[in-house]
Amino acid sequence: MDLLDQYTGHVEPGGPAARRDLQDVSITKVSVGPMDNNAYLLVDRASGEALLIDAANEIDRLLDTVDTVAERGRVKQLATTHKHWDHVQSLEDAVKALSPTTYAGEADAPELPVAPDRTVGDGDSVPFGGSRVEIIHLDGHTPGSIALLYRDPAGHGHLFTGDSLFPGGPGKTAGPTEFASLMDDLEAKVFGQLDDDTHVYPGHGDDTTLGAERPSLPEWRERGW
């Protein structure tokens, strides 16, 4: 797998992966499948242990990414942000190839193709080596959607949001009740707790920051999507 020389938050379907190097962790982003799903591999630099977020599609491409920036035997954890089919099509193959401990939100777990080893919600965390991500439950896109927050001790937060938050708004919801729930959770648990420099890594498309999106919160509420 080729790696882009600079991390911009943009990757192309079928194109190279992109790696961002932090003090203790590297973050590699790759686009897989016909719906341009983002998968992320976080590697603890000291131990080499890794966390894969969303085994969405193209297992060979995912494994090629792993082989480029880590070792297959060091991918100890695999987290699924939510139950939608486009985010889990390679989950079974990834579990067979990597034998990780798997995590997902409790409400989505029964509908996954592979039952998670552990269900998670607010206040839980997923360790990989000496690093960890914190779990934030965001009810709305699906009942069990989760975001995963890595707090860089030498920098800013890095938030992996699945399909709950994108540049330009929250993810799609089934109706007004679900939309209100997602907005409530985003405002209380994300925008209300994290600073503007927090990097946002969505389930599709380019990255953003909370600062870039924060001024639009009233507009999102008003438009209802």
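The residue numbers shown here count from 1 along each chain, following its written sequence. Per-residue local features of the predicted model are confined to residues with pLDDT of at least 70, and side-chain atom pairs are confined, for both listing and counting, to 80 or more; whole-chain, interface and lining totals are unaffected and use all residues. The basis for every side-chain value is the complete set of non-hydrogen atoms in the structure, without hydrogens or water.

Asks: Hey, could you run me through the nonpolar core in this one?
Replies: The nonpolar side chains of a soluble globular protein tend to be buried, and buried together. Note on terminology: a nonpolar core comprises buried Ala, Val, Leu, Ile, Met, Phe, Trp, Tyr and Cys residues joined through side-chain atoms within 4.5 Å. Note on classification: 1.4 Å probe, protein chains only; a residue is buried when its accessible area is under 20% of the maximum for its type, exposed when over 50%, partly exposed between these limits. If you look at the biggest cluster of nonpolar residues, it comprises 25 residues, and the most contacted ones within it are Val30, Leu41, Leu52, Ala55, Leu62, Val75 and Leu78. Note on conventions: DSSP H or I runs of at least 4 residues are helices, E runs of at least 2 residues are strands, and numbering of each starts at the N terminus. Listing elements by their share of this core, those giving two or more residues are strand 3 (25–32), strand 4 (37–44), strand 5 (50–53), helix 1 (59–69), strand 6 (75–80) and helix 2 (91–98). Take this core: its biggest share by element is five residues, from helix 1. Whether two residues are in contact is decided by their heavy atoms: any pair within 4.5 Å suffices. Other than its neighbours up to four places away in sequence, Val30 contacts Met1, Val11, Ala17, Asn37, Asn38, Ala39, Arg61, Leu62 and Thr65.

Asks: Mind showing me how you'd approach the sheet that holds strand 3 here?
Replies: In short, DSSP must find at least two bridges between two strands for them to pair. Strand order in the open sheet made by the eight strands is 1-2-3-4-5-6-7-8, with mixed pairing throughout. Looking at which strands have only one partner, the edges of the open sheet turn out to be strand 1 (3–4) and strand 8 (118–120). Think of each axis as a best-fit line through the C-alpha atoms, taken over the contacting stretch in the case of a helix, with angles from 0 to 180 degrees between the N-to-C directions. Helix 2 rests against strand 5, strand 6 and strand 7 (101–105) of the sheet, and its axis sits at about 165° to strand 6.

Asks: Explain empty space enclosed by the protein here, please?
Replies: One way to see where empty space is left: roll a probe the size of a water molecule over the atoms. The pocket and cavity definitions rest on a 1 Å grid over protein atoms only: a 1.4 Å probe that fits but cannot leave marks a cavity, an open set with protein on both sides within 12 Å along at least five of seven lines marks a pocket, and residues lining either have an atom within 4 Å of a point. Grid points are joined across faces, edges and corners, and a volume is the space filled by probe spheres set on the points. Counted according to the given criterion, the structure contains one cavity of 30 Å³ or more. In this structure, the largest cavity spans a volume of roughly 40 Å³. Within the residue set of the lining of the largest cavity, elements represented by two or more residues are strand 3, strand 4 and helix 1. Taken together, the residues of the lining of the largest cavity sort by class into seven nonpolar, two polar and no charged. Note that Gly is not counted as nonpolar here; it falls among the polar residues with everything else outside the nonpolar set of Ala, Val, Leu, Ile, Met, Phe, Trp, Tyr, Cys and Pro and the charged set of Asp, Glu, Lys and Arg.

Asks: Just checking my understanding: could you explain unusual backbone geometry for this structure?
Replies: One can expect most non-glycine residues to show negative phi and most peptide bonds to be in trans. Phi angles above zero are rare outside glycine, and Asp54 is one such case at about 70°. Tracing the backbone through its elements, the reader meets Asp54 in the loop between strand 5 and helix 1. The backbone of Glu58 shows a phi angle near 50°, a positive value even though the residue is not glycine. Tracing the chain through its elements places Glu58 in the loop between strand 5 and helix 1.

Asks: Where do I start with the UniProt feature "domain: Metallo-beta-lactamase" (unreviewed entry) in the protein chain in this structure?
Replies: Using the residue numbers shown here, the UniProt feature "domain: Metallo-beta-lactamase" (unreviewed entry) corresponds to residues 36–204. Between the C-alpha atoms that bound residues 36–204 there is a distance of 6 Å. The span itself is 21% helix and 34% strand. UniProt positions are given in the numbering used here, feature names are shortened, and annotations may be inferred rather than shown by experiment.

Asks: It is not clear to me how the side chain of Thr198 should be interpreted in this structure. Could you clarify?
Replies: Along the polypeptide, Thr198 turns up in the loop between helix 3 (176–191) and strand 15 (199–202). Given the relative accessible area of 2%, Thr198 is considered buried. Beyond its immediate stretch of four places on either side in the chain, Thr198 contacts Gly157, His158, Leu159, Thr208, Thr209 and Leu210.

Asks: What should I look at first to understand the sheet that holds strand 9 (residues 125–128) in this one?
Replies: The strands making up a sheet associate through backbone hydrogen bonding, with each pair oriented either parallel or antiparallel. Here we have six strands laid out as an open sheet, ordered 9-10-11-12-15-16, and mixed in their pairing. Of all strands in the sheet, those bounded by a partner on one side alone are strand 9 and strand 16 (208–209). Taken together, the four bridges between strand 9 and strand 10 (residues 131–137) define a ladder with antiparallel strand orientation. Each residue of the ladder has a partner; that of Pro127, found in strand 10, is Arg132.

Asks: Which parts of the structure should I look at to understand the pairing of strand 11 (residues 146–151)?
Replies: One face of the sheet, then the other: side chains in a regular strand alternate in exactly this way. The element strand 11 is largely enclosed, with a buried count of five among its six residues. Bridge count between strand 10 and strand 11: four bridges; the pairing is antiparallel. What sits directly across from Glu134, in strand 11, is Leu149. Where strand 11 lies against strand 12 (residues 157–162), four bridges are found, and the strand directions are antiparallel. Along strand 12, the bridge assignment pairs Leu148 with Phe160. In sequence, strand 11 turns back onto strand 12 through a hairpin of five residues.

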